[in-house]
Amino acid sequence: MLRRRVLGMLAATSALAGPASAQTDDWSKVVEAAKKEGKLVIYTASIGSPFHKTVIKAFEQKYGIPVEMLEARASEVRERVRVEQAAGRFLGDIHHNGSTTTWLMNRDGNFQPHGPIPNIKNIVPPYEADDIRVPAEVISYCLMVNRNLVKPGDEPKSWKDILDPKWTGKILSDDYRALGGGAVFFVVTYDTFGKEFHEKLAAQKPVFSRDLANSERRVARGEFPLYLPFSLQNYNNLKGLPVKPIVPTEGRPYVRFDLTMMKGAPHPNAARLFMNHYLEPDSQLVFANAGYAPVVKGVVEKTLPEIRDLLATKALGTTTPDRQDAMLELAKQIYK
Amino acid sequence: MGSAALEERSDRVTAAANFTGRVAASLGGLRRYGRPAGITALILVLSFLSLYPMLMLLYGSLHSTPPGIAGEFNLNGYISIATTENLVVLANTVGISLVKTVLALALAVLLAWIVARTDTPGRGVLEVLITLPFFIPPILTATAWAMLGNAQVGTINLVWRWLTGTDSTLIDVYSYGGVIWHMMQYSTPFIFLFVVDAFRAMDPALEESSRMSGATRWQTFWRITLALMLPVTTSAFILSFIRGIESFESAVFFGTPVGIEVLTTTIYHSITQRAQPDYQSATALSFAALALMFLLLVLQSRLLRGRSFTTVTGKGYSPNVTRLGWMRWVTFAVCIVFFALTVALPVGQLLLSSFFKFFGFYEVDMLTFEHYRNVWENSAFWRAFGNTMLLGVTGATATMALGGIVAYITTRTRWRGRRLIDVLAWLPWMMPGMVLGIGFLWGFAILPHAIPIYGTLWALLLAYIALGTPVAVRVTSAAYQQIAADIEECSRVHGAGWWQTLGRILIALAWPAFAVGWVLIFFGIMRELSASILLYAPGTEVLSVVMLKMWVSGKPEEVSVIGLAMLILVLVFRWVQLRFIKRRISTL
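Only a predicted model underlies this, so the values are computations on that prediction, with no experimental measurement involved.

**Description of the overall build of chain B**
So, step 1. Each helix and strand in chain B was counted, giving 24 helices and 0 strands.
So, step 2. Considering chain B as a whole, with its 588 residues, one finds that 48% of them fall into the buried category.
So, step 3. Within chain B, counting contacts between residues at least 6 apart in sequence, those at least 24 apart form 79% of the total.

**Regarding the interface of chain B and chain A**
So, step 1. Between chain B and chain A, the residue contacts involve 43 residues of the former and 48 residues of the latter.
So, step 2. Elements represented by at least two residues in the side of chain B that touches chain A include exactly helix 5 (138-149), helix 12 (263-272), helix 18 (433-445), helix 22 (530-535) and helix 23 (543-552) of chain B.
So, step 3. It is helix 23 of chain B that provides the largest number of residues to the side of chain B that touches chain A, a total of 5 residues.
So, step 4. Its residues assigned to classes, the side of chain B that touches chain A comprises 26 nonpolar, 14 polar and 3 charged.

**Comments concerning the packing of helix 20 (residues 485-493) of chain B against helix 21 (residues 498-527) of chain B**
All names here are of chain B.
So, step 1. Axis separation between helix 20 and helix 21 bottoms out at 10 Å; the angle between their running directions is 140°. For the element pair helix 20 / helix 21, the angle class is oblique. Crossing of helix 20 over helix 21 shows right-handed handedness. Note on element contacts: helix 21 touches helix 20 through Thr 501, Ile 505 and Leu 506, opposite Ile 487, Glu 488, Ser 491 and Arg 492.

**Some details on unusual backbone geometry**
Residue and element names in this part refer to chain A.
So, step 1. With an omega of 5°, the peptide bond running from Pro 125 to Pro 126 counts as cis.
So, step 2. Turning to its location among the elements, Pro 126 is positioned in the loop between strand 4 (111-112) and strand 5 (133-146).
So, step 3. For the peptide bond that leads from Leu 228 to Pro 229, omega is -15°, which places it in the cis range.
So, step 4. Along the chain, Pro 229 falls in strand 8 (residues 226-231).
So, step 5. One non-glycine residue, Lys 205, lies in the positive phi region at around 50°.
So, step 6. Residue position: Lys 205 is located in the loop between helix 7 (195-203) and strand 7 (207-208).

**Quick notes on the nonpolar core**
So, step 1. If you look at the biggest cluster of nonpolar residues, it comprises 267 residues, and the most contacted ones within it are Ala183(A), Ala108(B), Leu111(B), Ala112(B), Val195(B), Ala463(B) and Leu535(B).
So, step 2. Three or more residues apiece are contributed to this core by two domains, here domain 1 (2-138 + 255-308) and domain 2 (140-254 + 311-334) of chain A.
So, step 3. Sequence-distant contacts of Ala108(B), that is, excluding residues within four places in its chain, are made with Thr188(B), Ile191(B), Phe192(B) and Val195(B).

**Examining the confidence of the model for chain A**
Residue and element names in this part refer to chain A.
So, step 1. Looking at chain A, pLDDT values average 90 and 93% of them are 70 or higher.
So, step 2. The element-level mean pLDDT for chain A is lowest in helix 1 (residues 2-16), coming to 43, with strand 4 highest at 98.
So, step 3. Within the model, pLDDT remains below 50 along residues 1-24, and this stretch shows 35 contacts once partners closer than five positions in the same chain are excluded.

**Description of the domain arrangement of chain A**
All names here are of chain A.
So, step 1. Parsing chain A into structural domains produces domain 1 (2-138 + 255-308) and domain 2 (140-254 + 311-334).
So, step 2. Of all the elements, helix 5 (residues 99-107) adds the most residues to the side of domain 1 that touches domain 2, at 3 residues.
So, step 3. Of the residues in the side of domain 1 that touches domain 2, the class split is 11 nonpolar, 3 polar and 2 charged.

**With respect to the pairing of strand 2 (residues 67-71) of chain A**
All names here are of chain A.
So, step 1. Extensive coverage of strand 2 is indicated by the burial of 4 of its 5 residues.
So, step 2. One ladder, built from 5 bridges, connects strand 1 (residues 40-44) with strand 2; its direction is parallel. Residue Thr 44 lies in a different strand from strand 2, and its bridge partner there is Glu 71.
So, step 3. Assessed by its sense of winding, the connection that carries the chain from strand 1 through helix 3 (residues 50-63) to strand 2 is right-handed.

Here is what the cut-offs are and how they apply
Residues numbered from 1 in each chain as written. Chains lettered and ligands numbered in written order. Predicted model: local features only at pLDDT ≥ 70, side-chain atom pairs only at ≥ 80, totals over all residues. Helix = DSSP H or I, 4+ residues; strand = E, 2+ residues; numbered from the N terminus. Buried ≥ 20, exposed ≤ 12 C-beta atoms within 10 Å, placed from the backbone. Contact = placed C-beta atoms within 7 Å. Nonpolar A, V, L, I, M, F, W, Y, C, P; charged D, E, K, R; others polar. Axes fitted to C-alpha atoms, helices over the stretch in contact; angles between N-to-C directions. Parallel < 35°, antiparallel > 145°, perpendicular 65-115°, else oblique. Left-handed = near helix turned anticlockwise from the far one by under 90°. Core = buried A, V, L, I, M, F, W, Y, C linked by C-beta atoms within 7 Å. Domains from an automatic or database assignment. pLDDT = per-residue confidence, 0-100. Pairing = 2+ DSSP bridges. Right-handed = clockwise from strand over helix to strand, strands pointing away.

Below, the structure written as structure tokens:
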């Protein structure tokens, strides 16, 4: 019975999901149609981000289209979208989430093609858009030290410097065995430095905590001198505290956030308009000044001086969804 | 009078008799069919609230994919949880919960006895102060204790080193002890709230008889007072023990960093920390835990079967207190130390920090009112506050009404179907919140679109009622069990109906318990996050969701401002409630 019902709902889902190609390609008509739709609903895994709100407010002011936001953690957003679509409820227009979750949801058929978006042409490598995904902003991971506990001469310069015995028992870290920044750091440094790097790091006995915001404060208060991987954009919340972000010479692991149009989006033109707005240099500058790497050209140069040098560093690499579970398992074996 | 007139009158009498007979018959019919209809309606309501989401979860545990995705039925979820690793996790969970419940129960019973049955000075104020920790969001007390009790630079350890001149560490909250201590801060006031009114409602003649017969004060406390409190203490113990098994915050804050994993952190890991959320294992693990908890309930029912715990009878009594002499200052000190450790220290830390730019950085140039101003000017906060108040008041009232009826049927009648009702009302308590939240999400989303629940405040309200019903039932049934059947019978003999007796006798006598239950559920709603985050929609945000957003975006200071505001609300609620109780008792 349930199965029949579910299949029925799936059929309804595919019937309701209109192809984005049916949308008009003339941009001024898109703007007009978006205004007529009169609303935009965003589902995002970026919880409580003030930068997100700034960009959304600018969109509302520019186009007069009110935006509603549903914020939850990545897996919660994913499950809500999945079950809503399975039940034939098409409530959201834009989905904003990490590239891994987005990849998995795309595989599950939760999105529809977004159609032509003018600002996509400004996206710079290594980031690229396809007919479903539009890069939004990029989180960069680095090290963070407590300035009161670590003298400038003792600061790690390379990722390998954290293997020095002087850091044994003094590293607070996001967990490499769970989805998130820790897992990204693990994958990228494993690919770059090999298994030996992590075997030695395990011997340093890092302390794991998943409460990221609190972990950074713990380092600021002096519980630990070193934290990794530190999300660069969180530096904004810590200005005034005795901490310092350090991007090691090899570069910074990163993870991309993507925008996608949800299947059966009730306001598809408003969704396209928003994607284009998100890629405007002014919007990207909001993120860049906050510490996110921008995805379009001509923005890094305009960022605040203290952030510019950090963002101008090399993007070391990112994680890929297809091998994520295997890498989490590997991390479990190394860090018991 | 002619024969025609007599005939006419006789017809009228017959007609009147027939009418009365018809009315009596229809009332009899109502009585005959009304009860089964009422029971059926109650079973249907409870089934929708608890069984329906549980069935969705059961489907999830037996199906390779969650509802809405093609897959197959199998037992892989249950097979995958049968590992040595999970056995260790289970032993950890049960061990931690057992230790913290035993300690919290002992402490709560002692505190309740002090407040309700002794002449300890300032009992009225102490009663409010003792319950405060329960109402502070766990995330805030965890933050405060992380600052107070970390091994490296925790305030307590710094003071200890300064006093002793050594480098030793006095306490480390990142340990088993830390997890248990943090959980106890919630369990102790929770159990205290449960048992204090039962202590108060007890006829002291029983204790006096014991003392007159030569028993010592300790013997009386152990054999009379405590024995009579068995239903309420075992109920509180089991509720608290089960809640301990389902507890998440304490373990994730203080256990996970040092490798202490419990059931909920494992479930959390399965759902949120893998590339592909493993709902099958998570739900299977939850059902395995549910089976364990069910055994506990059977045990409690066996323990209480065939025993009478009536203390509130038709005979008048005046609740009086034990005079402790100089010992009352010792009991006073016990309460003050509890308050100082569980409230003054962490709340003091939060209050102090809320006036500084950053938690734990007390420099003059960082003094600010910015956090208060930000919360005050935050429109999302006020919208969530309005929604939460509406849901809190409506939800707590509806839950207590439902719980009161369920408790009456299960404790004071022998109606058919009462056991089923009891089990249905219990179910939501036996499933960890984060899993039950998924059950509600699946259940409500899949409903026909014509039923406007999903994406509305109704979804949150129904989930809150389901989550609160077990507490409402336990609180009221423990109170009902203390009321003698003769009072109820007396009411019936004097012509009162079922509803009148329920309202004017049982609820009137048990209403302090109703008030406590209402407050517990109201603040439970204010704190609930697991289901809220999955069920809220744009425009129906609640306070816990807004607090999570603030926390994740690095604003713990603003979260603490809201936490402090909640504490003030608690103080007002408790003050009003205790004033009413006092007035009520003085008129009994």
